[in-house]
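Reading the structure
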Amino acid sequence: MSGMNKSVQSKNRVVDSSTAAIPPINFTQLRFPKVLLLLLLCATTVAGFLWLPPAVAFRNPGLARIVVFHVPCSIVASIASGVTLWYAISYLITRSSMDDVKSRVSAELSLLFWVLTTVTGAVFAKAQWGTYWNWDIKQGAIVLLLMIYAAYFALRSAIIDERKQAAIGAAYSIFATICVPFLTYVLPNSTEDTLHPKGTITTKEGLSPEYRIVLWAGVLGLTLVYVWVWRQHVALDEIRLKLAARRSARRAARTSGFVVTETE
Amino acid sequence: MSRLHIEDLSMSYRGRTLFSGLSLTLDPGQRVVVSGSNGTGKSTFLRIVAGLTRSDAGKVSFASVGAASPPREHLGYAGPDVNPYEELTAVENLEFIARLRGLPIDADALLDRMGLTARARRTPVKSYSSGMRQRVRLASSLVATPPLLLWDEPTAMLDEQGRRIVDEILAAHLEAGGMALIATNDSNEIGRWGGRRVHFGDR
Amino acid sequence: MKSDAGAAGASTSATASRWLDCASAVFTKELRVELRTRYALSAVALFAVITVIMVSAVLVGASVRADVKAALVWIILLFAALSGLSRVFVREEEAGTAAILRLTAPPSSVFAGKLLFNLALIGVVELVSVPLFLLLMPVEKLQLWLLLSILTAGGAGLASAATFTAALIAHAASGKSALYPIISFPVLMPLALIAVQATVGAFDAIPIHILRAWNDVGVLGAYAIVMTTASFLLFEYVWHE
């Protein structure tokens, strides 16, 4: 996990050096503390493997350490889904293509983090409870979200016109997200059927202090990774849009494409 | 009556600029012929005025006497991209449009004027020839006598009699203070309807 | 002041009656086309009937539990719906007739007319296929009123969600029929799970299950209301694209 981040980071540093001259006025232009982020991610990874004591309450205490990766992934994925929804609504109101870019990029990242959550969760579930899957509320919601985002990209790729793509995609992501809460009604929550413990990370007695520190450090680190990749990707698409606009403006300046004549 | 204002319209499609900065004003009783080779943006221009396609910039408005109502109520559009319902008869097609517009209609009289026989009017459109379909399209655009006609290649697939009918209807429409934007490539028609003309393509 | 309010009231009621007229015009148009082509009936209802017969033939001699029967009923209904409910919008785009509606009718009235037609279609499909299913795979302690309530509330939710996804899919350039189930299933998954859980109660008649099923009917109704509202709100944004 951290190895992957490292390589992505070094690649993007090259991109960033050219834009470093921009004064840090607003939040979106702020230079990202990438070195600190790298250190934070390394520290949480090392701590997760080496510093954390085995969790004695679990059947496989050694593997319980995976929660410090699993839980942050799910939290970041939820944030990404929220951002997707927010900019989808915003796009339908403003019709600004940047809002569509923001929403789509966030949907891509949210799909990635939901997959990571599912994989880490399934590995953990197999080790602790002897089954990869058992349809409790959180697993059900994850499957639904994975299906929604996969369908979202399938739908977008089937539409040729870019503005149509944006509007239809935004409408679908809003419509599909609305139905998710209904799933939480029907699937078991906090009964003996469910694998997920309830209130572990929010209550005081749920986690040992070491776990709590590493877990929340992981949440912070991965959230920053999400924000950073999202911003890079959005900035890249913004440059693409601007280039396309400039190209078509130059062509428009050469010929306006029509001529009005008046005879008689 | 109303007046059509087209201000600073710009449109590009898939990174290619079709036109930009197009402004045009149409007074009652006026017509403008839109010409240009295939793929230069004639149809797109008409679709934008009709509100079927969103333009990149600029606006289309009607300065009408009395309360401002949506342009939808003001225009009749006929083009190769708007087909009648195949399963319905010509009369049913027109009656459906009239019901959506909330106005009564004598569909038979209108279709008679377009030169469709009484028997044809009562058979489903799917058995029509392309020329007959075109007559239904044109008749559809005349439902509720809108002040602005937007015709994309109105005489395509029409025979000599059909072309004459189109000429007659257009003349009567302008006489009554209507306006028309007509896209065509027929040099005969450009000469006949001529006057003001917007030509798309290279200068 | 008073006359102003009166005039405004009159104009809103005129708009409302115009809206209703448009919606009913679209609905009757759909009905008339359907009566002439029988497309939806042959696609959706026949699909359901044939699947029911198929399922009962495959399971002949097997003892099928009530909860499995409940799941089968809803899987058949869902697949039948997705085989033909998209037609109301897809056909308009493919035949090039959608512009007539765009040029003349308020968007929400178009959606209302189409939704009404799909509701009627789902109703017919349920009326034909569910009795046939119960005939071929009898349920001993059937709770009739409960089942009818589930079919009504579930059918309404199914129709409204599937009609909206049909409006989205109509904009796709190709592969509409393959894409329709793909984008509809995620939206319909909660509905399917709740409806099956409720139908179990109607089939096995265990008191706790019946109690839970009546609760589920309420949730199905809520699903239908929420999805219909969302459809109407979002439809305006996707129709004029």
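This text follows the structure it describes.
This one's a predicted model, so the numbers in the text were calculated from it and none came from an experiment.

Thresholds, definitions, all that
Residues numbered from 1 in each chain as written. Chains lettered and ligands numbered in written order. Predicted model: local features only at pLDDT ≥ 70, side-chain atom pairs only at ≥ 80, totals over all residues. Heavy atoms only, no water. Pairing = 2+ DSSP bridges. Helix = DSSP H or I, 4+ residues; strand = E, 2+ residues; numbered from the N terminus. Axes fitted to C-alpha atoms, helices over the stretch in contact; angles between N-to-C directions. Contact = heavy atoms within 4.5 Å. Buried area = accessible area lost by both parts, 1.4 Å probe. Salt bridge = Lys/Arg side-chain N within 4 Å of Asp/Glu carboxyl O. Polar contact = N/O pair within 3.5 Å; in protein donor to acceptor, adjacent residues only side chain to side chain. Nonpolar A, V, L, I, M, F, W, Y, C, P; charged D, E, K, R; others polar. Buried < 20%, exposed > 50% of the residue type's maximum accessible area, 1.4 Å probe, protein only. Expected span 1.5 Å × (residues − 1). Arc of directions from axis to C-beta. Core = buried A, V, L, I, M, F, W, Y, C linked by side-chain atoms within 4.5 Å. Phe/Tyr/Trp six-rings, centres within 6.5 Å; stacked < 30°, edge-to-face > 60°. Lys NZ or Arg CZ within 6 Å of the ring centre and 35° of its normal.

1. A look at the sheet that holds strand β1 (residues 3-13) of chain B
Residues and elements named next belong to chain B.
- Sheet architecture is open: 3 strands sit in the order β2-β1-β4, paired in antiparallel fashion. Looking at the sheet topology across the chains shown, the edges are occupied by β2 (16-26) and β4 (57-63). When the angles between neighbouring strand axes are averaged without regard to direction, this sheet yields 10°.
- For β1 and β2, the ladder comprises 7 bridges, and the chain directions are antiparallel. Bridge assignment links H5 to a residue of β2, and that residue is T25.
- On the sheet, helix α1 (residues 42-50) packs against β1, β2 and β4 and is oriented at approximately 125° with respect to β1.

2. Focus on the interface of chain B and chain C
- The interface of chain B with chain C comprises 24 residues on the first partner and 29 residues on the second.
- Taken together, the two surfaces of chain B and chain C that pack against each other cover about 2400 Å², and 56% of this comes from carbon and sulfur.
- Linking chain B to chain C there are 4 salt bridges.
- For E87 of chain B, the salt bridge identified is with R91 of chain C, shortest N-O distance 3.2 Å.
- The interface formed by chain B and chain C contains 10 residue pairs in polar contact (both at pLDDT 80 or more).
- At 6 residues, the largest contribution of residues to the side of chain B that touches chain C is made by helix α2 (residues 90-101) of chain B.
- For the side of chain B that touches chain C, the residue count by class is 11 nonpolar, 4 polar and 9 charged.

3. Focus: the interface of chain C and chain A
- In this complex, chain C contributes 34 residues to the contact, which on the side of chain A involves 29 residues.
- Around 2700 Å² of area is buried between chain C and chain A when both sides are counted, 82% of it from carbon and sulfur atoms.
- At the boundary of chain C and chain A, one finds 0 salt bridges.
- If you look at where chain C meets chain A, you find 3 residue pairs in polar contact (both at pLDDT 80 or more).
- Elements with a contribution of two residues or more to the side of chain C that touches chain A: α7 (144-169), α8 (176-204) and α9 (207-239) of chain C.

4. Things to note about the pattern of salt bridges
- Overall, the coordinates contain 24 salt bridges over all chains when judged by the stated rule.
- The residue R47 of chain B makes a salt bridge to D81 of chain B at a minimum N-O spacing of 2.3 Å. Highlighted residues: R47 of chain B in helix α1 and D81 of chain B in the loop between β5 (75-78) and α2, separated in sequence by 34 residues.
- By relative accessible area, R47 of chain B is classed as partly exposed at 23%.
- For D81 of chain B, a relative accessible area of 26% corresponds to the partly exposed category.
- D112 of chain B is paired through a salt bridge with R121 of chain B; the nearest N and O atoms lie 3.0 Å apart.
- For R121 of chain B, a relative accessible area of 9% gives the class buried.
- The network of salt bridges with shared partners includes R104, E108, D237 and R240 of chain A.

5. Observations concerning unusual backbone geometry
Residues and elements named next belong to chain B.
- Phi at T145 takes a positive value of approximately 30°, unusual for a residue other than glycine.
- Structurally, T145 is set in the loop between α5 (130-142) and β6 (148-152).
- The phi dihedral of E153 is positive, around 50°, even though this residue is not glycine.

6. Side note on helix α2 (residues 34-51) of chain A
Residues and elements named next belong to chain A.
- With 18 residues, α2 should reach 26 Å at 1.5 Å per residue; the first-to-last C-alpha distance of 24 Å fits that figure.
- The complete set of buried residues in α2 reads K34, L37, L41, T44, T45, A47 and G48. Projected down its long axis, α2 shows its buried positions confined to an angular sector of 165°, all on one face. Exposed residues on α2 whose side chains face more than 90 degrees from its buried face are V35, L36, L39 and L50.

7. Some remarks on the nonpolar core
- If you look at the biggest cluster of nonpolar residues, it comprises 203 residues, and the most contacted ones within it are F19, F45, W151 and L181 of chain B together with F89 of chain C.
- Tallying contributions element by element places α8 of chain C first for this core, with 15 residues.
- With residues near it in sequence (within four places) discarded, L181 of chain B still touches L4, I6, L24, V32, V34, F45, L46, V49, L148, L149, L150 and W151 of chain B.
- Among the nonpolar cores identified, the runner-up in size contains 13 residues, and F69, F124, V214 and V219 of chain A belong to it.

8. Structural notes on the packing of aromatic side chains
- Under the definition given, this model contains 17 aromatic pairs over all chains.
- Ring centres of F175 of chain A and F164 of chain C lie 4.4 Å apart, and the angle between their planes is 45°; on these two criteria the pair is classed as tilted. Separated into two different chains, F175 of chain A in helix α6 (residues 162-186) and F164 of chain C in helix α7 make up a pair that spans both.
- Ring pairs connect the aromatic residues F175 of chain A together with F89, F111, F164, F232, F235 and W239 of chain C, which therefore count as one cluster.
- Its guanidinium or amino end placed over the ring of W239 of chain C, R102 of chain C lies 4.3 Å from that ring's centre, counting from NZ or CZ.
- The ring centre of F89 of chain C lies 5.6 Å from the NZ or CZ of K114 of chain C, which sits over that ring.

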